[in-house]
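Structural characterization, general
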Amino acid sequence: MNRYCITDALDVAARAARDGVEMIQIRAKDLSARALSDLVREAVANARQSKILVNTRADVALACGAHGVHLPAGSMAPDTIRRIAPPGFLIGVSCHTMEELWAAEREGAEFAVYGPVFASVTKSVNPIGIEAFREAAASVRLPVYALGGVTARNAAQCIAAGAAGIAGISLFQLP
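As a starting point, this report considers the structure included with it. Starting from 1, residues in each chain are numbered consecutively following that chain's sequence as written. Note on the predicted model: pLDDT of at least 70 is required for a residue's local features to be given, and 80 or more for side-chain atom pairs to be given and counted; whole-chain, interface and lining totals, by contrast, use all residues. By convention in this description, side-chain values take in all heavy atoms of the structure and omit both hydrogens and water.

Another aspect to go through is the side chain of N154. Note on conventions: DSSP H or I runs of at least 4 residues are helices, E runs of at least 2 residues are strands, and numbering of each starts at the N terminus. Mapped onto the elements, N154 comes out in the loop between β7 (144–146) and α7 (155–160). A simple rule labels every residue: compare its accessible area, found with a 1.4 Å probe on the protein chains alone, to the largest value its type can have, and call it buried under 20%, exposed over 50%, or partly exposed in between. Judged by its relative accessible area of 11%, N154 is buried. Reaching out from N154, the side chain makes a polar contact with the backbone nitrogen of T151 at a distance of 2.7 Å. Here, two residues are considered to be in contact whenever any of their heavy atoms come within 4.5 Å of each other. Excluding its chain neighbours within four sequence positions, the residues that come into contact with N154 are F118 and G149. We call two N or O atoms a polar contact when they sit within 3.5 Å, provided that within protein one can donate a hydrogen and the other can accept it, with sequence-adjacent residues counted only if both atoms are side-chain atoms.

In a structure, side chains of opposite charge can pair up when their charged atoms sit close to one another. Here, a salt bridge means any Lys or Arg side-chain nitrogen found within 4 Å of an Asp or Glu carboxyl oxygen. The full count for this structure, using the stated rule, is five salt bridges. Residue E22 is joined to R3 by a salt bridge in which the shortest nitrogen-to-oxygen separation is 3.6 Å. Of the two residues, E22 is situated in the loop between α1 (10–18) and β2 (23–26) and R3 in strand β1 (residues 2–7); the sequence distance between them amounts to 19 residues. On the accessibility criterion, E22 (27% relative accessible area) is partly exposed. Classification of R3 as partly exposed rests on a relative accessible area of 23%. R82 is the partner of E110 in a salt bridge, and the nearest nitrogen-oxygen pair spans 2.9 Å. Linking E110 in the loop between α5 (98–106) and β6 (111–114) with R82 in helix α4 (residues 78–82), this pair joins segments that are 28 residues apart in sequence. Residue classification places R82 among the partly exposed residues on the basis of a relative accessible area of 29%.

Right, let's talk about helix α6 (residues 130–138) for a bit. Those residues of α6 that sit buried are I130, F133, A136 and A137. Taken around the axis of α6, the buried residues stretch over an arc of 120 degrees, which confines them to a single face. Facing away from the buried side of α6 by more than 90 degrees, the exposed set consists of E131, E135 and A138. Packed against the buried residues of α6 are α5, β6, β7 and α7. Directions pointing from the helix axis toward each C-beta atom define the arc.

The residue A103 is located in helix α5 in this model. Between the C-alpha atom of A103 and that of E135, which follows or precedes it by 32 residues, the distance is 16 Å.

One requirement defines pairing of two strands: DSSP has to find at least two bridges between them. Judged by pairing direction, the barrel is parallel, and its eight strands sit side by side in the order β1-β2-β3-β4-β5-β6-β7-β8 before closing back on the first. For this sheet the average axis-to-axis angle between neighbouring strands, irrespective of direction, equals 25 degrees. Of the strand pairs in this sheet, strand β5 (residues 90–95) and β6 are connected by four bridges, and their pairing is parallel. Its bridge partner being in β6, V93 is matched across the sheet by A112. Each axis is a line fitted through C-alpha atoms, taken for helices only over the stretch in contact, and angles between the N-to-C directions span 0 to 180 degrees. Relative to β7, α6 is tilted by about 165 degrees, and along the sheet it contacts β6 and β7.

On to the nonpolar core. Definition used in this section: a nonpolar core is a set of buried Ala, Val, Leu, Ile, Met, Phe, Trp, Tyr and Cys residues joined via side-chain atoms within 4.5 Å. Counting residues in each nonpolar core, the largest one holds 53 residues, and the members touching the most others are I24, I26 and F133. Y4, I6, F111 and V113 belong to the second largest nonpolar core, which has nine residues in total.

Attention shifts here to the packing of aromatic side chains. Centres within 6.5 Å are what make two rings of Phe, Tyr or Trp a pair, Trp counting through its six-membered ring; a difference in plane orientation under 30 degrees is then read as stacked, over 60 as edge-to-face, and the rest as tilted. Taken as a whole and assessed by the stated rule, the structure comprises four aromatic pairs. Ring geometry for F111 against Y145: centres 5.6 Å apart, planes inclined by 70 degrees, an arrangement best described as edge-to-face. Here F111 is found in strand β6, whereas its partner Y145 is found in strand β7, with 34 residues between them in sequence. Comparing F111 with Y145 shows no difference in burial state: the two are buried. Taking 6.2 Å as the distance between ring centres and 50 degrees as the angle between the ring planes, the aromatic pair formed by Y114 and F133 counts as tilted. With Y114 in strand β6 and F133 in helix α6, this pair connects stretches of sequence that are 19 residues apart. Each member of the aromatic cluster is reached from another via a ring pair, and the members are Y4, F111 and Y145.

Next comes the structure, spelled out in structure tokens:
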């Protein structure tokens with residue numbers, strides 16, 4: 001099962017890398033560009049086999065040698081970033097509607113994160129449920145990661161519903 005860790009903490013990113021998590025998104029919205037760059041460089045240095053992506057900031061991702069960028073829905077189109085990115089640079093998009101999923105696919109994203117599937121401990125939004133996730137994942141060809149309230153207990157449900165993997169914040173927090 002592919003795992004996608006979302007964190008703003010270097011210790012969580014390092015542990016996820018040690019645990020073989022496939023992708024780690026550095027999502028530190030409140031940091032200055034300089035502080036974010038320092039954090040991303042450290043995460044890349046500790047990445048092992050994990051791919052490091054930077055939330056929103058393609059400039060920081062490119063400057064720091066990260067493996068990709070993760071964009072919120074409605075941000076710059078992936079194919080625009082692709083014009084300046086090196087081969088193999090990953091571009092993911094957060095999606096909350098099927099229209100956003102279709103746009104992500106049409107505009108050249110490698111994958112999407114979709115949800116919230118279940119009630120989330122980090123955000124107070126209404127979950128879409130596993131059947132709506134199943135329908136959304138089946139509506140596109142790109143890999144779709146389940147996000148929102150995903151736990152070790154319900155991860156298999158997400159995979160059975162067509163998820164390419166599971167994504168989360170609290171799922172990867174240190175005990």
